[in-house]
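Tertiary structure, described
Spelled out, the chains give:
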Amino acid sequence: MTIKAIIFDVDGTLADTEDGHRLSFNKAFAECGLDWSWDVAMYDKLLKVTGGKERIKYFVSDFLKGYEKPADFDEYVKHLHAVKTKHYTTMLAAGNIPLRPGVKQLITEAHAAGITLAIATTTTPQNVAALLEVALGKNWEGYFAANGCGDIVPHKKPAPDIYFWVLDKMGIKASDCIALEDSENGLRSSLAAGIKTYVTINHYTRNQDFTGAAAVFDDLSDLQNFYKVSGLKLAK
Ligand code: XBP
Ligand code: MG
């Protein structure tokens, strides 16, 4: 297999972002006068559902007893999520969440070697831009042939929609790509799209089921080992 493209998940893979998301959700709840506050243990449960808006609805339906939903609940959740995204992008713009070990080197070396790069994430385009402008500079988009984010597909991970969207945009067959993910939901999504997938775990996902992954790593700090295991050839 000659690897023609690498598709990157964002949250938990490019950067360890989920506690930044969690704190931003809590800031939004406080700003909107809600006494909701998600600690790590609760957030670990809520991460079962991808997508911030979907996660808020899951919290309300499955963990909040006796909550009286406002009439326009969907609009209210969209507002809460917009406030959260404002807090989260402010946190990212301050440079508070760096890329994980080896990620920037992999992106720059693979791009320089002519490997096509893409993003397939459940989070919003604003969040991707805020993270990568800091990490890769204002021309970060130049590294990626496709940037598949959030609501552009009807079904979020673990559905394969976002990976199918990225494959179509790149015009590259799934069998010529590899994906990098951090979570069971993400792995199920990329595998369902027929993409060989490598996992780098984090403190939220380390005990999840990675059956089907080509390999599981703590992180990409030993990039040469990743190149060896994945068979990624970067010779120009
Ligand atoms: C992870 C997610 C996202 C984030 C929160 O995305 O499921 O929902 O947790 O971000 P991925 P939003 O691992 O696919 O990058 O609030 O913007 O959804
Ligand atoms: Mg992820």
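Residues numbered from 1 in each chain as written. Chains lettered and ligands numbered in written order. Predicted model: local features only at pLDDT ≥ 70, side-chain atom pairs only at ≥ 80, totals over all residues. Heavy atoms only, no water.

**A few points about the overall build of the protein**
- Along the protein, the regular secondary structure elements total 9 helices and 6 strands.
- Scaling as 2.2 N^0.38, a compact globule of 236 residues should have a C-alpha radius of gyration of about 18 Å, and the protein matches this with 18 Å.
- In terms of overall dimensions, the protein has a C-alpha envelope of 60 × 35 × 30 Å along the principal axes.
- For the protein, the proportion of its 236 residues judged to be buried stands at 54%.
- Surface summary for the protein: the accessible area is close to 10,700 Å², and the carbon and sulfur share equals 51%. (Helix = DSSP H or I, 4+ residues; strand = E, 2+ residues; numbered from the N terminus. Rg over C-alpha atoms; globule rule 2.2 N^0.38 Å. Buried < 20%, exposed > 50% of the residue type's maximum accessible area, 1.4 Å probe, protein only. Areas by Shrake-Rupley, 256 points an atom, 1.4 Å probe, with all protein chains shown as cover.)

**Structural notes on the coordination of the magnesium ion (ligand 2)**
- Within the protein, Asp-9 (OD), Asp-11 (O) and Asp-182 (OD) serve as the donor atoms for the magnesium ion (ligand 2), at 2.1 to 2.3 Å.
- Judged by relative accessible area, Asp-11 falls into the buried class, the value being 11%. (Donors = N, O, S within 2.8 Å, 3.2 Å for Na, K, Ca; no water.)

**A closer look at the domain arrangement of the protein**
- If you check the domain split of the protein, you get domain 1 (5–17 + 98–230) and domain 2 (18–93).
- Between domain 1 and domain 2, the C-alpha centre-to-centre distance is 24 Å.
- Both sides together, the interface formed by domain 1 and domain 2 hides about 1,500 Å², and carbon and sulfur atoms give 51% of it.
- When the area that domain 1 buries against domain 2 is broken down by residue, the three leading residues are Thr-17, Asn-127 and Tyr-204, summing to 43%.
- Note that Glu-54 and Lys-156 form a salt bridge whose closest N and O atoms lie 2.8 Å from each other.
- Summed over the shared surface of domain 1 and domain 2, the result is 10 residue pairs in polar contact (both at pLDDT 80 or more). (Domains from an automatic or database assignment. Buried area = accessible area lost by both parts, 1.4 Å probe. Salt bridge = Lys/Arg side-chain N within 4 Å of Asp/Glu carboxyl O. Polar contact = N/O pair within 3.5 Å; in protein donor to acceptor, adjacent residues only side chain to side chain.)

**What to know about the packing of helix H7 (residues 161–170) against helix H8 (residues 184–192)**
- At a minimum axis separation of 8 Å, H7 and H8 run at an interaxial angle of 50°. Our classification of the angle between H7 and H8 gives oblique. In this structure, H7 meets H8 at a crossing whose hand is right-handed. The residues of H8 that touch H7, namely those facing Ile-162, Tyr-163 and Phe-164, are Gly-186, Ser-189, Ser-190 and Ala-192. (Axes fitted to C-alpha atoms, helices over the stretch in contact; angles between N-to-C directions. Parallel < 35°, antiparallel > 145°, perpendicular 65-115°, else oblique. Left-handed = near helix turned anticlockwise from the far one by under 90°. Contact = heavy atoms within 4.5 Å.)

**With respect to the environment of Leu-136**
- For Leu-136, the position within the fold is in helix H6 (residues 125–136).
- Expressed as a C-alpha distance, the spacing of Leu-136 and Leu-191, which sit 55 residues apart in the sequence, is 28 Å.

**Structural notes on the pattern of salt bridges**
- Using the criterion set out here, one finds 11 salt bridges in the structure.
- Taking the shortest distance from any N to any O, the salt bridge between Asp-9 and Lys-157 comes out at 2.8 Å. Remark: Lys-157 occurs in the loop between strand E3 (146–148) and H7 and Asp-9 occurs in the loop between strand E1 (5–8) and helix H1 (18–31); sequence separation between them is 148 residues.
- Between Glu-75 and Lys-78 there is a salt bridge, with the nearest N and O atoms lying 3.3 Å from each other. Of the two residues, Glu-75 and Lys-78 both sit in helix H4 (residues 73–93), 3 residues apart, roughly one turn of that helix.
- Judged by relative accessible area, Glu-75 falls into the partly exposed class, the value being 45%.
- The network of salt bridges with shared partners includes Lys-53, Glu-54, Asp-151 and Lys-156.

**Observations concerning the packing of aromatic side chains**
- Counted by the stated rule, this structure contains 18 aromatic pairs.
- Measuring from centroid to centroid gives 5.3 Å for Trp-36 and Phe-59, while their planes differ by 65°, and the two rings are edge-to-face. With a gap of 23 residues between them, Trp-36 in the loop between H1 and helix H2 (40–46) and Phe-59 in helix H3 (residues 52–63) connect regions that are remote in the sequence. Each of the two residues, Trp-36 as well as Phe-59, counts as buried.
- With centroids separated by 5.7 Å and ring planes inclined at 75°, the aromatic side chains of Phe-217 and Phe-226 adopt a geometry described as edge-to-face. Residues Phe-217 and Phe-226 agree in their burial class; the two are buried.
- When the ring centre of Tyr-88 is taken as origin, the NZ or CZ atom of Lys-84, which lies over that ring, is 4.9 Å away. (Phe/Tyr/Trp six-rings, centres within 6.5 Å; stacked < 30°, edge-to-face > 60°. Lys NZ or Arg CZ within 6 Å of the ring centre and 35° of its normal.)

**Details of the site of ligand 1**
- Taken together, 19 residues are adjacent to ligand 1, and Gly-52, His-81, Lys-84, Thr-121 and Thr-123 come closest.
- Within the side chain of Thr-121, a nitrogen or oxygen atom sits 2.6 Å from an oxygen atom of ligand 1.
- Between an oxygen atom of ligand 1 and a main-chain N or O atom of Thr-124, the distance comes to 3.5 Å.
- Those elements that provide at least two residues to the shell around ligand 1 are H1, H3 and H4.
- Of the residues belonging to the shell around ligand 1, the class tally is 3 nonpolar, 10 polar and 6 charged. (Near = heavy atom within 4 Å. Nonpolar A, V, L, I, M, F, W, Y, C, P; charged D, E, K, R; others polar.)

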